[in-house]
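Inside the fold
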Amino acid sequence: MTIKQILDNKKIIISFEMFPPKQQSKFDSVINAAKELSALKPDFMSITYGAGGTTKVNTVEIASKIIEAGTPALAHLTCVGNSMDSIKDAIATMKKAKIQNVLALRGDFPPDTPHGQSVLSEGLHHASDLVPLLKDAGFCVGGACYPEGHPESANRSEDIENLRYKVDAGIDFLTTQMFFDNNMLYSYLYRLQSKGIHVPVFAGIMPITNSNQVERMVKLSSAYIPAKLLSFCDKFSDKPEAMWQAGIDYATDQIIDLISNGVRGIHIYTMNKPATAKSIMQNIDAIIAACNE
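This write-up is about the structure you can find in this document.

All right, on to the overall build of the protein then. Scanning the protein from terminus to terminus reveals eleven helices and eight strands. Expected size for 293 residues packed as a compact globule is a radius of gyration near 19 Å; at 18 Å, the protein falls within 12% of this value. With the principal axes as the frame, the protein shows a C-alpha extent of 50 × 45 × 40 Å. Expressed as a percentage of the 293 residues in the protein, the buried residues total 51%. Averaging the coordinates of the 28 positive side-chain charges in the protein and doing the same for the 31 negative ones gives two points 3 Å apart.

This is the structure:
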C-alpha cells in the first residue's frame, strides 16, 4: 500500500523509522527488531540509507522483510553516493522488492569528505532531482523538511523556498526532522501554508531515553532543546530506568499535543528499539483508536 493511500483512508497515521546496521554482523538483530516493530502495527515503517549510501543494500533487504511481515515500507534513497546509473539500478531493485514508497533525499556527506569536494553526480544535486525519476517509476514519493530550518540554509525563508522545489517536483508528503518543542512545528506549518505548500506533513518525534542523546541530537539537527527536557536529562542522567521513563513520557506528551492540535501524521524515530516504540504505542493506543473511528 502507498502512503498516499493510507493518508486517504486514515485520520491519524503512526509510522516508525529504523536504520540498517553499520556492521553486517548485526544484520540479524536488526531484522529481529524490524519484525518486533512491525508487530506493533504501525501504518508504515521507514528505513534509512546511511551516510553516503553506505547501507543501501541492507535498506532494500530490510524493507522487503517489513513488507513480508505485512507493513508498508518507505525506503530512503539519496543523491550522495549514487550516479544516475546506480539510481536507475536502485529503482529497478526496489520495484522488484515490491517497495511502493520512497523518501527522496540529497543525503549527508560522508564525514571523511574533503572540504569543498563534491560527491554529487551530475544531474543529482538535490532531492528534487530524484523526485521526477521516482514518480515516473510509479513510486509514492516523500521528502524531508526542517521545522527549525536546514543547517545549510541562510535562513528559514530560504529553506522554505528550497522546499518548494521538491513540492513542485511532485512529492506526495513530507516528514520533518526531529523537534522537541511543538510550537516550532506549529509555526513552521503556518509558514508552509502561507507560502502555498499544502502537502501532508508527518511530525518527527525522537524519544530521548538516554541523556547522551541530547548532545548528539543537537549536533546532528541543531534542534532547540526546551528547559523541561534539559531538566529531566540533568536530573536522571545517572538513573537509566528513570531517564527512560521520563523520555517516554515526554515523547508521549508531544504526540498527544500534536494530535489534539490537528496533526495527522506522527513519525517516531525508534532507534531500532522495539521496547521504546511499544511503550509509546501503549500510551496512545486508545487515543489513536478514538480518532480513527
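With the rule as written, the count across this model stands at three aromatic pairs. An angle of 85° between the planes, with centres 5.7 Å apart, marks the rings of Phe173 and Phe202 as edge-to-face. In this pair, Phe173 is assigned in strand β6 (residues 173-176) and Phe202 in strand β7 (residues 201-205), connecting sequence segments 29 residues apart. A relative accessible area of 0% places Phe173 in the buried class. A residue is classified by how much of its surface remains accessible, and Phe202, at 1% relative accessible area, is buried. Between Phe232 and Tyr250, the aromatic rings sit 5.9 Å apart at their centres with planes inclined by 55°, giving tilted as the arrangement. Linking Phe232 in helix α9 (residues 227-236) with Tyr250 in helix α10 (residues 240-260), this pair joins segments that are 18 residues apart in sequence.

Looking only at helix α5 (residues 127-136), the buried set comprises Ala127, Ser128, Leu130, Val131 and Leu134. All buried residues of α5 lie within an arc of 145° about the axis, which places them on one face of the element. Looking at the packing, one finds that the buried side of α5 touches β3 (73-78), α4 (84-96), β4 (101-105), β5 (140-145) and α6 (156-169). Among the residues trailing α5, Gly138 stands out with phi positive, at a value near 95°.

Quick look at α9 now. Residues of α9 that are buried include every one of Leu229, Phe232 and Cys233, and no others. Down the axis of α9, the sector holding all buried residues measures 105°, keeping them to one side. Exposed and facing more than 90 degrees away from the buried side of α9 are Ala227, Asp234 and Lys235.

Structurally, the position occupied by Lys4 is in helix α1 (residues 3-9). For the pair Lys4 and Gly142, spaced 138 residues apart in sequence, the C-alpha to C-alpha distance is 9.6 Å.

Here the focus is the packing of α5 against α6. Relative orientation and spacing of two packed helices are given, respectively, by the angle between their axes and the distance between those axes. The N-to-C vectors of α5 and α6 enclose an angle of 5°; their axes lie 8 Å apart at closest approach. Between α5 and α6, the angle is such that the two are roughly parallel. Where α5 approaches α6, its residues Ala127, Ser128, Val131 and Pro132 are matched on the opposing element by Tyr165, Lys166 and Ala169. Across the contact of α5 with α6, the residue classes tally to five nonpolar, one polar and one charged.

Reading around the circumference, β1-β2-β3-β4-β5-β6-β7-β8 is the order of the eight strands in this closed barrel, with parallel pairing throughout. Within this sheet the neighbouring strands show an average axis-to-axis angle of 30°, counted without direction. Examined bridge by bridge, β5 and β6 share four bridges and lie parallel to one another. Considered in β6, the bridge of Ala144 is made with Thr175. Taken strand by strand, α10 contacts β7 and β8 (265-269), and its axis lies near 160° from that of β7.

Within β4, five of the five residues are buried, which leaves it mostly tucked inside the rest of the structure. One ladder, built from five bridges, connects β3 with β4; its direction is parallel. Looking at β4, one finds that Thr78 is bridged to Leu105. Between the parallel elements β3 and β4, the chain passes through α4 in a crossover that is right-handed. In the sheet, β4 pairs with β5 via four bridges, with the strands oriented parallel. What sits directly across from Leu103, in β5, is Gly142.

What counts as what
Residues numbered from 1 in each chain as written. Predicted model: local features only at pLDDT ≥ 70, side-chain atom pairs only at ≥ 80, totals over all residues. Heavy atoms only, no water. Helix = DSSP H or I, 4+ residues; strand = E, 2+ residues; numbered from the N terminus. Rg over C-alpha atoms; globule rule 2.2 N^0.38 Å. Buried < 20%, exposed > 50% of the residue type's maximum accessible area, 1.4 Å probe, protein only. Lys, Arg positive; Asp, Glu negative; His and termini not counted. Charge placed at Lys NZ, Arg CZ, Asp CG, Glu CD. Phe/Tyr/Trp six-rings, centres within 6.5 Å; stacked < 30°, edge-to-face > 60°. Arc of directions from axis to C-beta. Contact = heavy atoms within 4.5 Å. Axes fitted to C-alpha atoms, helices over the stretch in contact; angles between N-to-C directions. Parallel < 35°, antiparallel > 145°, perpendicular 65-115°, else oblique. Nonpolar A, V, L, I, M, F, W, Y, C, P; charged D, E, K, R; others polar. Pairing = 2+ DSSP bridges. Right-handed = clockwise from strand over helix to strand, strands pointing away.

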